[in-house]
Amino acid sequence: MIAIWYAVVSFTLIVYVVLDGRNFGAGMLQWFVAKTPEERRQVIAAIGPLWTWHEVWLLGFGGTLMAIFPRLMASSFAGYYLALFLILWCLILRGVSIEVGGHINDGLWQGYWDFNFVLSNFLLAILFGAAAGNVARGVPVDAQGNFSMAFFTNFNVRGHVGLLDWYTVSIAILAVVMLAAHGATYLTLKAEGPVHDRCEIWAKYLWIAVVPLLAVVLVESRIVRPDLPGRALFNPFWWIGLIVIAASAFTLLTGLTSGRELRAFVGSNFLIVGLLATGAAAIFPVMLHSTLAPENSMTAYAVAAGPMSLHLAAIWWPMGFALAVFYFVFTSRWYAGKVSVQRDTQGFY
Amino acid sequence: MGVATLQNLRGRLESSRLLLWVLLLAFPYPYIANTLGWMTAELGRQPWLIYGLFHTRDGYSKVVSNGDAIFTLIGFTGLYFVIGLLFLGLTGREIAEGPEEETSLVVDQREAVLV
């Protein structure tokens, strides 16, 4: 039962990363793929009506975490305090940039908000990448289940670690490149004209860059957490994740080389899903690994809520999930199709 | 509100001057009601976080320092101040421009992307 809830919590977070990841990527690339003010508005129009419902999944993740694993949430939200606030501020800044930029038709005004937009998307990709690195590496959880971290300590991965060290920074770089590639793949599907053509080239080079970075991170993970692959070999989800990675990498590759945009985008989505699912399966049942002492690590079984809460969650969670999926289908269909510089099909952004 | 709905149903809302003034001046009340409602709920529940179950003094994070809390409070104050200014500025601009003329509803589609 706890294992199912662990899968549910991971699932909501993975869906969020995949959905909003394409906005981070497209946002980061706005500088590079859009040369004129019209094209910059086009990039924003490609994600403008959609990013709010992507954030529904982040809220869903937080809510599920609070309902199912309250002790984990209490410990990690306090421990990651400043990092979480940075993420929140970047999300607010990005939202404000999207909403406010188009209101005044002035070069300086729009340029300023576009700058904020690109910067906050970069920071979000870095922060979420570093957060993923922290989950994989572990945090200095003490015997009471508390931890607090500085941004940097000695840049090492054992003992009293900081938020950033060589391992989490390398994962943050991987996250930036991979989400940029994901965003470029999305923009080839969603945009037309010069932005589409530039994104096609960017997508190819960025996905090529992902391969060595991913290899480096895998080797590093083996060094940082030598205990990990052992348990994962007996976890069916880990194997399913590997199959998803293989299948989606193939889909992405054939989609990119043959210019079939939807195929490439589907592959790109599931590649990220597969990678994150494999990671989530590999660390199970430990949700927060302690770098101080292994016995301080918080497992899903130890931090789960009581049976009463889980029972209530089993009733309410599917209802919320059904609503979120309905919202997902509705908005995707409503805003389907390409955005162009000439036709404003996506509302006023 | 009731009177306004009645007048609207009778098709006379736009011609009742006094009522329109009352409605215009009533615009802050939803904000005030919303804020005061929150404050009543949050302050009225003290010293409990969850009424009857959990004290506020037991509920704070021990690993978050005063400095962290003050830093984020200042950050939020600044952020909301800027967003508030943006709201006032942009809303003021819209109001100053006045309602659109009927003819301008046919917008040049190229311009619509820019707006």
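Here the structure is a predicted model, which means the values were calculated and not measured. Sequence order as written defines residue numbering, which begins from 1 separately in each chain. The naming scheme follows written order: chains are lettered A onward, ligands numbered 1 onward. Residues qualify for local features only when their pLDDT is at least 70, as the model is predicted, and side-chain atom pairs are given and counted only at 80 or more; totals for whole chains, interfaces and linings, by contrast, use all residues. With hydrogens and water set aside, each side-chain value is computed from the structure's full complement of heavy atoms.

1. Some words on the overall build of chain B
Moving on, step 1. Segments assigned H or I by DSSP are reported as helices when at least four residues long, segments assigned E as strands when at least two residues long, and all are numbered from the N terminus. Counting its secondary structure elements, chain B contains six helices and two strands.
Moving on, step 2. N-terminal to C-terminal, the α/β element order of chain B is α-α-α-β-β-α-α-α.
Moving on, step 3. Here chain B holds 115 residues, and the buried ones make up 14% of them.
Moving on, step 4. Approximately 9,600 Å² of chain B is accessible, and the part contributed by carbon and sulfur atoms is 68%. Any residue under 20% of the maximum accessible area for its type is buried, any over 50% is exposed, and the rest in between are partly exposed; the area is computed with a 1.4 Å probe on protein chains only. Here the accessible surface of atoms and residues is derived via Shrake-Rupley with a 1.4 Å probe, and residues count as covered only by protein chains that are part of the display.

2. Considerations on the overall build of chain A
Moving on, step 1. Of the regular secondary structure elements, chain A holds 13 helices and two strands.
Moving on, step 2. Dimensions of chain A, computed from the C-alpha atoms along their principal axes, are close to 60 × 40 × 35 Å.
Moving on, step 3. Contact criterion: two residues are considered in contact whenever any of their non-hydrogen atoms come within 4.5 Å of each other. Expressed as a percentage of contacts within chain A between residues at least 6 apart in sequence, the contacts between residues at least 24 apart total 75%.
Moving on, step 4. In the structure as shown, chain A presents an accessible area of about 15,400 Å², 76% of it carried by carbon and sulfur atoms.
Moving on, step 5. The positive count covers Lys and Arg only, the negative count covers Asp and Glu only, and His and the chain ends enter neither. Taken as the charge location is NZ of Lys, CZ of Arg, CG of Asp or CD of Glu. Charge separation in chain A, taken as the distance between the mean sites of 19 positive and 17 negative side-chain charges, equals 7 Å.

3. Here we look at the side chain of Asp165(A)
All names here are of chain A.
Moving on, step 1. Relative to the assigned elements, Asp165 resides in the loop between helix H6 (107–137) and helix H7 (166–190).
Moving on, step 2. What qualifies as a polar contact is a pair of N or O atoms within 3.5 Å, subject to a donor-acceptor requirement within protein and to the restriction that residues adjacent in sequence count only when both atoms come from side chains. Within the local environment of Asp165, its side chain forms a polar contact with the backbone nitrogen of Tyr167, the two atoms lying 2.7 Å apart.
Moving on, step 3. In contact with Asp165, other than residues within four places in its own chain, are Arg137, Phe155, Asn156 and Val157.

4. Quick word on the confidence of the model for chain B
All names here are of chain B.
Moving on, step 1. The share of residues in chain B with pLDDT of 70 or more is 86%, and the mean pLDDT across the chain is 79.
Moving on, step 2. The predictor reports its confidence for every residue as pLDDT, a score running from 0 up to 100. In the model of chain B, helix H6 (residues 109–114) stands out as the element of lowest mean pLDDT, 46, in contrast to helix H3 (residues 28–44), which has the highest, 91.
Moving on, step 3. Note on residues 103–115: pLDDT is under 50 here. Beyond four places in sequence and across chains, it has 22 contacts.
Moving on, step 4. Two summary scores accompany this predicted model of the complex, namely pTM at 0.82 and ipTM at 0.73.

5. Some points on the packing of aromatic side chains
Moving on, step 1. Between 30 and 60 degrees the pair is tilted, below 30 it is stacked and above 60 it is edge-to-face, where a pair is any two Phe, Tyr or Trp rings, Trp via its six-membered ring, whose centres lie within 6.5 Å. All chains considered together, the criterion is met by 24 aromatic pairs over all chains.
Moving on, step 2. Seen in terms of ring centroids, Trp53(A) and Phe328(A) are 5.1 Å apart; in terms of plane orientation they differ by 85°. Their pairing is edge-to-face. Of the two residues, Trp53(A) is situated in helix H3 (residues 51–68) and Phe328(A) in helix H13 (residues 307–334); the sequence distance between them amounts to 275 residues.
Moving on, step 3. Ring centres of Trp57(A) and Phe321(A) lie 6.1 Å apart, and the angle between their planes is 80°; this geometry places the pair in the edge-to-face category. In this pair, Trp57(A) sits in helix H3 while Phe321(A) sits in helix H13, placing the two residues 264 residues apart along the sequence.
Moving on, step 4. An aromatic cluster of at least three residues, connected via ring pairs, comprises Tyr81(A), Phe85(A), Trp89(A), Phe71(B), Phe76(B) and Tyr80(B).

6. Quick look at the pattern of salt bridges
A side chain with one charge may pair with a side chain of the opposite charge, provided their charged atoms come close.
All names here are of chain A.
Moving on, step 1. Salt bridge, as applied in this entry: a Lys or Arg side-chain nitrogen positioned within 4 Å of an Asp or Glu carboxyl oxygen. A complete count under the given rule lists seven salt bridges over all chains for this structure.
Moving on, step 2. When the shortest N-O distance is used, the salt bridge between Asp20 and Arg94 registers 3.1 Å. With a gap of 74 residues between them, Asp20 in helix H1 (residues 2–33) and Arg94 in helix H5 (residues 81–101) connect regions that are remote in the sequence.
Moving on, step 3. For Asp20, a relative accessible area of 0% puts it in the buried group.
Moving on, step 4. Put simply, Asp20, Glu55 and Arg94 are held in one network by salt bridges that share partners.

7. A short note on the packing of H6(A) against H7(A)
Residues and elements named next belong to chain A.
Moving on, step 1. The convention used is that axes are lines fitted to C-alpha atoms, helices contributing only their stretch in contact, and that angles between N-to-C directions extend from 0 to 180 degrees. In contact at an axis separation of 7 Å, H6 and H7 are set at 135° when each is read in the N-to-C sense. Taken together, the axes of H6 and H7 lie oblique to each other. Classified by chirality, the crossing of H7 by H6 is right-handed. Each of Phe122, Ala125, Ile126, Gly129, Ala130, Ala132, Gly133, Asn134, Ala136 and Arg137 in H6 lies in contact with H7, whose residues at this interface are Tyr167, Thr168, Ile171, Ala172, Ala175, Val176 and Leu179.
Moving on, step 2. Gly is placed with the polar residues, together with every amino acid not listed as nonpolar (Ala, Val, Leu, Ile, Met, Phe, Trp, Tyr, Cys and Pro) or charged (Asp, Glu, Lys and Arg). Among the residues making up the contact of H6 with H7, the classes are represented as 12 nonpolar, four polar and one charged. To sort the angles, those under 35 degrees are grouped as roughly parallel, those over 145 as roughly antiparallel, those from 65 to 115 as roughly perpendicular, and the leftovers as oblique. Handedness of each helix crossing follows the sense of rotation of the near helix against the far helix: counterclockwise by less than a right angle gives left-handed, clockwise gives right-handed.

8. Re helix H8 (residues 194–224) of chain A
The periodicity of an α-helix, 3.6 residues per turn, causes residues three or four places apart in sequence to face the same way.
Residue and element names in this part refer to chain A.
Moving on, step 1. Between the first and last C-alpha of H8 there are 43 Å, a value that for 31 residues agrees with the 45 Å anticipated at 1.5 Å per step.
Moving on, step 2. Within the sequence span of H8, burial applies to Val195, His196, Cys199, Ala203, Leu206, Trp207, Val210, Val217, Glu220, Ser221 and Val224.
Moving on, step 3. Packing partners of the buried residues in H8 comprise H1, helix H2 (37–47), H6, H7, helix H10 (236–258) and helix H11 (261–283). Residue count minus one, scaled by 1.5 Å, sets the expected span of a helix.

9. Quick word on the environment of Asn146(A)
Moving on, step 1. With respect to the helices and strands, Asn146(A) occurs in the loop between H6 and H7.
Moving on, step 2. Measuring from C-alpha to C-alpha, the distance between Asn146(A) and Gly306(A) comes to 20 Å, with 160 residues separating the pair along the chain.
Moving on, step 3. Excluding residues that lie within four positions of it along the chain, Asn146(A) makes contacts with Ser75(A), Pro140(A), Val141(A) and Val63(B).

10. So, the packing of H1(A) against H13(A)
Residues and elements named next belong to chain A.
Moving on, step 1. Two numbers describe how H1 lies on H13: the axes approach to 13 Å, and their chain directions differ by 25°. With respect to their mutual orientation, H1 and H13 come out roughly parallel. The two elements H1 and H13 meet at a crossing, and its hand is left-handed. Seen from H1, the contacting residues are Ile2, Trp5, Val8, Phe11, Thr12 and Leu19; seen from H13, they are Leu310, Ala313, Ala314, Trp317, Phe321 and Phe328.
Moving on, step 2. Broken down by class, the residue content of the contact of H1 with H13 amounts to 11 nonpolar, one polar and no charged.

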